[in-house]
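Here is what each chain is made of, one letter per residue.
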Amino acid sequence: MSRFPLEGGCHCGAVRYVLHKPALSVQHCHCERCRKMTGCMFGTGAVVQRDGVTITGEGNLTAYRSSATFPEMFCKTCGCHLFAYEDSEPTLMYVSAATLDGGAHPGHPPDKESHVYMRSKAQWDRTADDLIKYSTTSPDEIITGLQKAELLDRQ
Ligand SMILES: [Zn+2]
Ligand SMILES: [Zn+2]
(Lines give C-alpha, C1' and ligand atoms only; values in the text may rest on other atoms or scores of the structure.)
(Ligands and ions follow the chains in the order given, each with its own letter.)
Protein backbone atom coordinates (compact mmCIF):
# COMPACT_ATOMS: atom_id res chain seq x y z
CA MET A 1 0.00 0.00 0.00
CA SER A 2 1.14 3.52 -0.78
CA ARG A 3 2.59 5.83 1.86
CA PHE A 4 1.01 9.25 2.12
CA PRO A 5 1.33 11.99 1.04
CA LEU A 6 1.34 11.00 -2.64
CA GLU A 7 2.17 13.28 -5.56
CA GLY A 8 0.69 13.46 -9.00
CA GLY A 9 0.23 15.75 -11.96
CA CYS A 10 -0.39 16.17 -15.65
CA HIS A 11 1.92 15.11 -18.47
CA CYS A 12 3.59 18.49 -19.05
CA GLY A 13 4.08 19.15 -15.33
CA ALA A 14 2.32 22.55 -15.23
CA VAL A 15 -0.27 21.27 -12.74
CA ARG A 16 0.86 19.22 -9.75
CA TYR A 17 -1.01 17.99 -6.69
CA VAL A 18 -0.42 16.33 -3.35
CA LEU A 19 -2.87 13.77 -2.00
CA HIS A 20 -2.59 13.88 1.78
CA LYS A 21 -5.14 11.17 2.65
CA PRO A 22 -6.21 7.85 1.10
CA ALA A 23 -9.03 8.00 -1.45
CA LEU A 24 -12.46 7.00 -0.13
CA SER A 25 -13.32 4.99 -3.25
CA VAL A 26 -12.43 4.55 -6.91
CA GLN A 27 -14.81 4.13 -9.85
CA HIS A 28 -13.93 3.14 -13.39
CA CYS A 29 -16.79 4.71 -15.35
CA HIS A 30 -17.71 3.20 -18.72
CA CYS A 31 -20.28 5.83 -19.77
CA GLU A 32 -19.99 7.59 -23.11
CA ARG A 33 -19.45 10.95 -21.42
CA CYS A 34 -16.31 9.63 -19.67
CA ARG A 35 -15.02 8.15 -22.93
CA LYS A 36 -15.45 11.51 -24.65
CA MET A 37 -13.87 13.42 -21.75
CA THR A 38 -10.78 11.23 -21.44
CA GLY A 39 -10.35 9.64 -24.87
CA CYS A 40 -10.04 6.30 -23.07
CA MET A 41 -12.22 3.20 -22.82
CA PHE A 42 -13.29 4.30 -19.31
CA GLY A 43 -12.61 7.17 -16.92
CA THR A 44 -11.03 6.38 -13.54
CA GLY A 45 -11.98 8.76 -10.74
CA ALA A 46 -10.95 8.57 -7.07
CA VAL A 47 -13.38 10.18 -4.64
CA VAL A 48 -11.30 12.20 -2.15
CA GLN A 49 -11.94 14.82 0.50
CA ARG A 50 -11.33 18.29 -0.94
CA ASP A 51 -9.33 19.29 2.16
CA GLY A 52 -6.99 16.36 1.54
CA VAL A 53 -5.68 17.70 -1.79
CA THR A 54 -3.21 20.54 -2.43
CA ILE A 55 -2.98 21.76 -6.03
CA THR A 56 -0.12 23.81 -7.48
CA GLY A 57 -0.24 25.45 -10.91
CA GLU A 58 -4.01 25.85 -10.53
CA GLY A 59 -3.88 28.85 -12.90
CA ASN A 60 -3.02 26.41 -15.69
CA LEU A 61 -6.33 24.55 -15.28
CA THR A 62 -9.34 25.14 -17.49
CA ALA A 63 -12.89 24.07 -16.60
CA TYR A 64 -15.47 22.43 -18.81
CA ARG A 65 -18.92 21.59 -17.46
CA SER A 66 -19.81 18.14 -18.79
CA SER A 67 -23.20 18.68 -17.15
CA ALA A 68 -24.70 21.78 -15.54
CA THR A 69 -23.46 20.94 -12.03
CA PHE A 70 -20.22 19.14 -12.85
CA PRO A 71 -17.09 21.11 -13.79
CA GLU A 72 -14.20 18.99 -15.03
CA MET A 73 -10.68 20.41 -14.91
CA PHE A 74 -7.99 19.96 -17.55
CA CYS A 75 -4.42 21.20 -17.95
CA LYS A 76 -4.50 24.06 -20.47
CA THR A 77 -1.18 22.98 -21.94
CA CYS A 78 -1.29 19.19 -22.29
CA GLY A 79 -5.04 18.56 -21.97
CA CYS A 80 -4.76 16.04 -19.14
CA HIS A 81 -8.04 15.48 -17.22
CA LEU A 82 -7.10 15.95 -13.56
CA PHE A 83 -10.07 16.82 -11.33
CA ALA A 84 -13.86 17.03 -11.25
CA TYR A 85 -16.29 18.55 -8.78
CA GLU A 86 -20.02 18.17 -8.18
CA ASP A 87 -21.48 21.54 -7.14
CA SER A 88 -23.74 19.94 -4.52
CA GLU A 89 -20.83 18.08 -2.82
CA PRO A 90 -18.79 20.82 -1.09
CA THR A 91 -16.48 18.44 0.79
CA LEU A 92 -15.69 15.88 -1.93
CA MET A 93 -14.05 15.86 -5.36
CA TYR A 94 -12.70 13.48 -7.97
CA VAL A 95 -9.02 13.10 -8.74
CA SER A 96 -8.02 11.27 -11.93
CA ALA A 97 -6.13 8.67 -9.93
CA ALA A 98 -4.13 7.31 -12.86
CA THR A 99 -2.20 10.63 -12.83
CA LEU A 100 -0.49 9.74 -9.53
CA ASP A 101 3.26 9.57 -10.10
CA GLY A 102 4.68 6.11 -10.71
CA GLY A 103 1.25 4.47 -10.86
CA ALA A 104 0.85 4.73 -7.07
CA HIS A 105 -2.22 3.13 -5.50
CA PRO A 106 -4.59 5.88 -4.27
CA GLY A 107 -5.11 4.10 -0.93
CA HIS A 108 -8.82 3.21 -1.16
CA PRO A 109 -10.03 0.06 0.66
CA PRO A 110 -10.09 -3.06 -1.60
CA ASP A 111 -13.90 -3.30 -1.56
CA LYS A 112 -14.28 0.36 -2.59
CA GLU A 113 -13.22 -0.02 -6.22
CA SER A 114 -15.77 -0.82 -8.91
CA HIS A 115 -16.75 -0.52 -12.55
CA VAL A 116 -19.83 1.68 -13.09
CA TYR A 117 -22.14 2.31 -16.04
CA MET A 118 -21.31 -1.07 -17.52
CA ARG A 119 -24.58 -0.89 -19.47
CA SER A 120 -23.09 2.00 -21.49
CA LYS A 121 -19.69 0.47 -22.24
CA ALA A 122 -18.14 0.58 -25.69
CA GLN A 123 -19.08 -2.35 -27.91
CA TRP A 124 -15.48 -3.61 -27.88
CA ASP A 125 -14.86 -3.01 -24.14
CA ARG A 126 -13.84 -6.43 -22.77
CA THR A 127 -13.38 -5.49 -19.09
CA ALA A 128 -13.53 -8.81 -17.22
CA ASP A 129 -11.61 -8.41 -13.96
CA ASP A 130 -12.82 -9.41 -10.49
CA LEU A 131 -13.96 -5.93 -9.38
CA ILE A 132 -17.61 -5.21 -8.53
CA LYS A 133 -19.57 -4.13 -11.64
CA TYR A 134 -22.63 -1.90 -11.60
CA SER A 135 -25.03 -1.38 -14.48
CA THR A 136 -25.27 2.34 -13.62
CA THR A 137 -24.08 4.20 -10.49
CA SER A 138 -22.35 2.77 -7.42
CA PRO A 139 -23.25 3.86 -3.88
CA ASP A 140 -19.65 5.06 -3.41
CA GLU A 141 -19.39 7.59 -6.23
CA ILE A 142 -20.23 11.27 -6.40
CA ILE A 143 -23.58 11.42 -8.17
CA THR A 144 -23.64 14.24 -10.71
CA GLY A 145 -26.64 16.46 -11.48
CA LEU A 146 -27.10 14.58 -14.75
CA GLN A 147 -27.17 11.22 -12.94
CA LYS A 148 -29.57 12.57 -10.31
CA ALA A 149 -32.00 13.54 -13.07
CA GLU A 150 -31.62 10.10 -14.63
CA LEU A 151 -32.23 8.35 -11.30
CA LEU A 152 -35.40 10.42 -10.76
CA ASP A 153 -36.56 9.48 -14.25
CA ARG A 154 -36.33 5.81 -13.39
CA GLN A 155 -38.48 6.06 -10.24
ZN1 LIG B 1 -0.13 19.66 -18.40
ZN1 LIG C 1 -18.85 8.24 -16.73
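Helices and strands together make up the secondary structure of the protein chain, namely two helices and eleven strands. Along the protein chain, helices (α) and strands (β) appear in the sequence β-β-β-α-β-β-β-β-β-β-β-β-α when read from the amino end. Whereas a compact globule of 155 residues would reach a radius of gyration of roughly 15 Å, the protein chain reaches 15 Å, a difference of no more than 12%. Structurally, the protein chain occupies a C-alpha span of about 40 × 35 × 30 Å along its principal axes. Residues counted as buried form 34% of the 155 residues belonging to the protein chain. Across the protein chain, contacts joining residues at least 24 apart in sequence account for 59% of those joining residues at least 6 apart.

On to the sheet that holds strand 3 (residues 25-29), then. Strands in a sheet are paired, the pairing made by backbone hydrogen bonds, and the direction either parallel or antiparallel. Strand order in the open sheet formed by eight strands is 6-7-8-9-4-3-10-11, with mixed pairing between adjacent strands. The sheet is open, and its two borders are formed by strand 6 (61-67) and strand 11 (132-133), each paired with just one other strand. Two strands pair when backbone bridges link them, and strand 3 and strand 4 (residues 43-49) are joined in this way by five bridges, in the antiparallel orientation. Across the sheet, the residue bridging to His28 is Thr44, located in strand 4.

This part is about the environment of Thr137. Within the secondary structure, Thr137 is located in the loop between strand 11 and helix 2 (145-154). In this structure, Thr137 is in contact with Val116, Ile143 and Gln147, ignoring residues within four places of it in sequence.

Another point: the sheet that holds strand 2 (residues 16-19). Pairing in this open sheet of three strands is antiparallel, and the strands run 1-2-5 from one edge to the other. This sheet does not close on itself; its edge strands, each paired only once, are strand 1 (6-9) and strand 5 (53-56). Sheet twist, expressed as the average angle between the axes of neighbouring strands with direction ignored, equals 20°.

Attention now goes to the nonpolar core. Ranked by size, the top nonpolar core spans 24 residues in total, and within it Ala46, Val48, Leu82, Phe83, Tyr94 and Val95 carry the most contacts. When contributions to this core are tallied by element, the ones reaching two or more residues are strand 2, strand 4, strand 7 (70-75), strand 8 (81-84) and strand 9 (92-95). With six residues, the next largest nonpolar core counts Cys29, Cys31, Val116 and Tyr117 among its residues.

A word on unusual backbone geometry. Residue Pro5 is bonded to the preceding Phe4 through a cis peptide linkage, with omega at 0°. Here Pro5 is to be found in the segment before strand 1. Residues other than glycine seldom take positive phi values, yet Tyr117 does so here, at roughly 55°. Relative to the assigned elements, Tyr117 resides in the loop between strand 10 (113-116) and strand 11.

Conventions we followed
Residues numbered from 1 in each chain as written. Chains lettered and ligands numbered in written order. Predicted model: local features only at pLDDT ≥ 70, side-chain atom pairs only at ≥ 80, totals over all residues. Helix = DSSP H or I, 4+ residues; strand = E, 2+ residues; numbered from the N terminus. Rg over C-alpha atoms; globule rule 2.2 N^0.38 Å. Buried ≥ 20, exposed ≤ 12 C-beta atoms within 10 Å, placed from the backbone. Contact = placed C-beta atoms within 7 Å. Pairing = 2+ DSSP bridges. Axes fitted to C-alpha atoms, helices over the stretch in contact; angles between N-to-C directions. Core = buried A, V, L, I, M, F, W, Y, C linked by C-beta atoms within 7 Å.

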